[in-house]
Amino acid sequence: MEEEKKIFGISWNVFLLGIVSFLNDMSSEMIAPIVPGYLMEVLHTGKLLGGFVMGAIESTSSLFKVVFGYVSDRFKKRKAFVLTGYALSTLSKGALAFTRYWWDFLLLRTLDRIGKGIRTAPRDALIAESSEKGRTGKSFGFHRMMDTLGAVAGPLVAIGLIELLKGIPPERAYRYVFLLSAIPGTLAVAVILLFVKDRGKEVRKKIQGVSALRDRNLLLFLVVVAVGALGRYSYAFTLWKAQELGYSIVQGMAFYALFNLIYALSAYPIGNYSDSFGKKRMVTLGFGIASMAALSFAYARDLYTLMGAFVLYGVYIAIEDTVPRAYMADLAKDYEKGTVIGAYHTVFGVLVFPASVIAGFLWTRFSLTASFLFSALMNAVAMVLMIQIRE
C-alpha cells in the first residue's frame, strides 16, 4: 500500500469514510424519528402491521453482509460496493416521499437495508486496509465516533425541519423531510465517488493457505458474537424502562441523547486504546460492562441508577460496535477481509432480531426486569466464552 497522508493520526481514506458515515447517518436519523408516526398517521398500518414492517426492515441487511464481503474479496475492489450501497440507500430514502401504501414503503426501506448489506463489509475491509498495521482499533473507533455524531445530528435537523414546516399538513411535512434527507446522503455518495480510493493489495487469483474462517479462535469468536447478540436488546427497551419509572417521552429522549453522547465520546478513545490494551481483552471487558448495564436497568429505581445504566449502555455499545470489527480485521488475511468481517456482521445482525423478540416475550410474560436479566446472563456467558479464546 502506497504511503498516504494522515489527518488526526489516521489515514486520509479512513477520515473520508468517517465523513461519509457522518453524512449518511445524519440522513438516516433525519427520518428515523418520523417513520413510526408516518406509518400510523399517513399509511394507517396499525400496531401489528407496523411492528412487522419495522422488524422486517431491521433484519434484512444482515443477510447480505457476508455475501457482498465475499464478492468484494473476489473482485479485489471495495470502493464500487461501498459506492453502490450508499447510493442505493440514499435513493431509497428520498423516494419514501412518494409512498402511498405500506408495501411500497417496506420495499423502499428494504432497498435501504440491502444497500447497507452491500456496503458494510467492503467498507470495513477498506478501513482495515487503509490503516497502519496494529492500528485498526484507532481507525474503527474514529469511524464509529463519526457515525454516531451523525446519529446525534440527524434528529436535531429533523426537529428543526418539523418546526419550520409546522404550518403545513403533517403528511406533506413528512414527505418534505424524506426528500430533504437525500441531501446529506447525496453528499456522502459524492465524497466516495470523488475522493475515496481502493487501498487493498492485489488479491491473488488462486487463494493459498488456510482460510481464517477455519481457525478455531475465529469460529469460537463467532459463537461468542452469537451469544452476545442474543443479549443485545433494542434501545427501545431502555426508553420503556424510563417510562416505567414515570419519566415522560421527552425525558426519555433526553436519556437517549445521553446514551448517544457517551457512545460518540467513547468510541474513538476505546478503539485507539484497544490497539495497545489488546482487542480480545477489550471485547471481554465490553461483555462485562454489558452485563452491568443490563443489571442496572433491571434494578433501577431512581434517577441516578437509571442515568448510570444509560452511561454503561453507551460505553458497552461503543466497545461492541467498534472493537470486534477491528479484531476480525486483524484475524483475517488480506485476501478475505471482506468475507471475514461480513461473517461477523451477518452472525451478529441475524441474531439481534430474535434477541428483541425474546426480550419482548419476557416482558409480556413476566416483567421488563426479566428482559434485562436475560441480557445480563447472555453477556456474562459471552464474557466467559471470550476468555477461552487464545491470544
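Please read all numbers here as calculations on a predicted model, not as lab measurements.

Conventions used here
- Throughout, a residue's number is its position along its own chain's written sequence, starting from 1.
- Local features in a predicted model are, by the rule used here, given only for residues with pLDDT of at least 70; side-chain atom pairs are given and counted only at 80 or more, and totals for whole chains, interfaces and linings are based on all residues.
- Hydrogen atoms and water are omitted, and side-chain values are computed over all heavy atoms in the structure.
- Runs of H or I in DSSP of at least four residues are treated as helices and runs of E of at least two as strands, each being numbered from the N terminus.
- Partly exposed residues are those whose accessible area sits between 20% and 50% of the maximum for their type, while under 20% is buried and over 50% is exposed, using a 1.4 Å probe and protein chains only.
- Lys and Arg are tallied as positive, Asp and Glu as negative. Neither His nor the chain termini are counted.
- Salt bridge, as used here, is a side-chain nitrogen of Lys or Arg placed within 4 Å of a carboxyl oxygen of Asp or Glu.
- The contact rule is simple, with two residues in contact once any of their heavy atoms fall within 4.5 Å.
- Helix span, as expected, comes to 1.5 Å for every residue beyond the first.
- What counts as a ring pair is set by centres within 6.5 Å for rings of Phe, Tyr and Trp (its six-membered ring), and what kind of pair is set by the plane angle: stacked under 30 degrees, edge-to-face over 60, tilted for all other angles.
- Distance and angle both matter: a charge sits over a ring if NZ of Lys or CZ of Arg is within 6 Å of the ring centre and within 35 degrees of the ring normal.
- Definition used in this section: a nonpolar core is a set of buried Ala, Val, Leu, Ile, Met, Phe, Trp, Tyr and Cys residues joined via side-chain atoms within 4.5 Å.
- For patches, a residue must show more than 30% relative accessible area and have no salt bridge; joins then use 9 Å for like charges and 5 Å for nonpolar side chains, namely Val, Leu, Ile, Met, Phe, Trp and Tyr.
- Reported accessibility uses the Shrake-Rupley method at a 1.4 Å probe radius. Residues are deemed covered only where the shown protein chains occlude them.
- Values of bend correspond, residue by residue, to the angle between axes fitted over the seven residues ending at that residue and the seven starting there.
- Helix axes use the C-alpha atoms of the stretch in contact, all axes being lines fitted to C-alpha atoms, and the angles between their N-to-C directions lie in the range 0 to 180 degrees.
- Orientation labels follow simple angle bins: below 35 degrees gives roughly parallel, above 145 gives roughly antiparallel, 65 to 115 gives roughly perpendicular, and whatever is left gives oblique.
- Rotating anticlockwise by less than a right angle from the far helix to the near helix defines a left-handed crossing, while the corresponding clockwise rotation defines a right-handed one.
- Scored from 0 to 100, pLDDT reflects the predictor's confidence in each residue.

Caption draft 1: How the structure looks around the environment of Ala 359. Its place among the elements puts Ala 359 in helix H15 (residues 337-365). Along the primary structure Ala 359 and Thr 369 are separated by ten residues, whereas in three dimensions their C-alpha atoms are 9.8 Å apart.

Caption draft 2: Broad picture of the side chain of Asp 25. Here Asp 25 shows up in helix H1 (residues 12-31). Despite its burial, Asp 25 pairs with no opposite charge; the closest candidate is Lys 116, at 6.1 Å N-O. Setting aside residues no more than four positions away along its own chain, Asp 25 makes contact with Asp 147, Gly 150 and Ala 151.

Caption draft 3: Inspection of H1 at higher detail. Between its first and last C-alpha atoms H1 spans 30 Å; for 20 residues at 1.5 Å apiece the expected length is 28 Å, and the two agree. Among the 20 residues that make up H1, 17 are buried, leaving the element largely enclosed by the rest of the structure.

Caption draft 4: Expanded view of the pattern of salt bridges. The final tally for this structure, using the stated rule, is eleven salt bridges. A salt bridge links Glu 320 to Arg 232, with the shortest nitrogen-to-oxygen separation between them at 2.4 Å. On the criterion of sequence distance, the pair formed by Glu 320 in helix H13 (residues 303-320) and Arg 232 in the loop between helix H9 (216-230) and helix H10 (235-244) is long-range, its members being 88 residues apart. Considered together, Glu 320 and Arg 232 belong to a single accessibility category, that of buried residues. Across the pair Lys 241 and Glu 244 runs a salt bridge whose closest N-O atoms are separated by 3.5 Å. Linking Lys 241 with Glu 244, this pair stays in helix H10, spanning three residues, or about one helical turn.

Caption draft 5: Summary view of the packing of aromatic side chains. With the rule as written, the count across this model stands at eleven aromatic pairs. Seen from their ring centres, Trp 12 and Phe 15 are 5.4 Å apart, and the 25° between their planes marks the pair as stacked. With Trp 12 and Phe 15 both in helix H1 and three residues apart, the pair spans about one turn of that helix. When its relative accessible area of 15% is taken as the criterion, Phe 15 is described as buried. Consider the rings of Phe 297 and Phe 310, whose centres lie 5.1 Å apart with planes at 85°: the pair is edge-to-face. With a gap of 13 residues between them, Phe 297 in helix H12 (residues 279-299) and Phe 310 in helix H13 connect regions that are remote in the sequence. Of the two residues, Phe 297 and Phe 310, both sit in the buried class. Each member of the aromatic cluster is reached from another via a ring pair, and the members are Phe 259, Tyr 263, Phe 297, Phe 310, Tyr 313, Tyr 316 and Phe 372. Taking the ring centre of Phe 277 as reference, the NZ or CZ of Arg 281 above it sits at 4.6 Å. Over the aromatic face of Phe 366 sits the side chain of Arg 365, whose NZ or CZ is 5.2 Å from the ring centroid.

Caption draft 6: Geometry of the nonpolar core. Residues Phe 221, Tyr 233, Phe 297, Tyr 313 and Met 328 are the most contacted members of the largest nonpolar core, which totals 76 residues. The greatest single-element share of this core, amounting to nine residues, is contributed by H12. Core analysis: the next-biggest nonpolar cluster, separate from the first, contains 20 residues, Met 26, Ile 31, Val 42 and Leu 43 among them.

Caption draft 7: Region of interest: a nonpolar patch on the surface. There is a patch of nonpolar side chains on the surface, built from Phe 98, Tyr 176, Leu 179, Leu 180, Ile 183 and Leu 187 and spanning about 570 Å² of accessible area. Relative to the helices and strands, Tyr 176 resides in helix H8 (residues 170-194).

Caption draft 8: Looking closely at helix H6 (residues 102-129). Taking 1.5 Å per residue, 28 residues should reach 40 Å; H6 reaches 41 Å between its end C-alpha atoms and fits that length. At Arg 119, H6 shows its largest bend, some 30°, and a proline, Pro 122, comes one to four positions later. Most of H6 is tucked away, with 22 of its 28 residues classed as buried.

Caption draft 9: Spotlight on the packing of H1 against H6. The geometry of H1 relative to H6 is characterised by a closest axis approach of 12 Å and an angle of 160° between their N-to-C directions. The orientation of H1 relative to H6 falls into the category roughly antiparallel. For the crossing formed where H1 meets H6, the hand is left-handed. Judged by residue contacts, Asn 13, Val 14, Leu 17, Ser 21, Asn 24 and Ile 31 of H1 engage Arg 109, Arg 119, Arg 123, Leu 126 and Ile 127 from H6.

Caption draft 10: Examining the confidence of the model for the chain more closely. Across the chain, the average pLDDT comes to 80, with 83% of residues at 70 or higher. Every residue in residues 202-212 is under pLDDT 50, and counting partners more than four places away or in other chains gives 22 contacts.

Caption draft 11: The environment of Leu 218, seen in detail. By the secondary structure assignment, Leu 218 is in helix H9. Spatially, the C-alpha atoms of Leu 218 and Val 340 are 9.1 Å apart, while their sequence positions differ by 122 residues.

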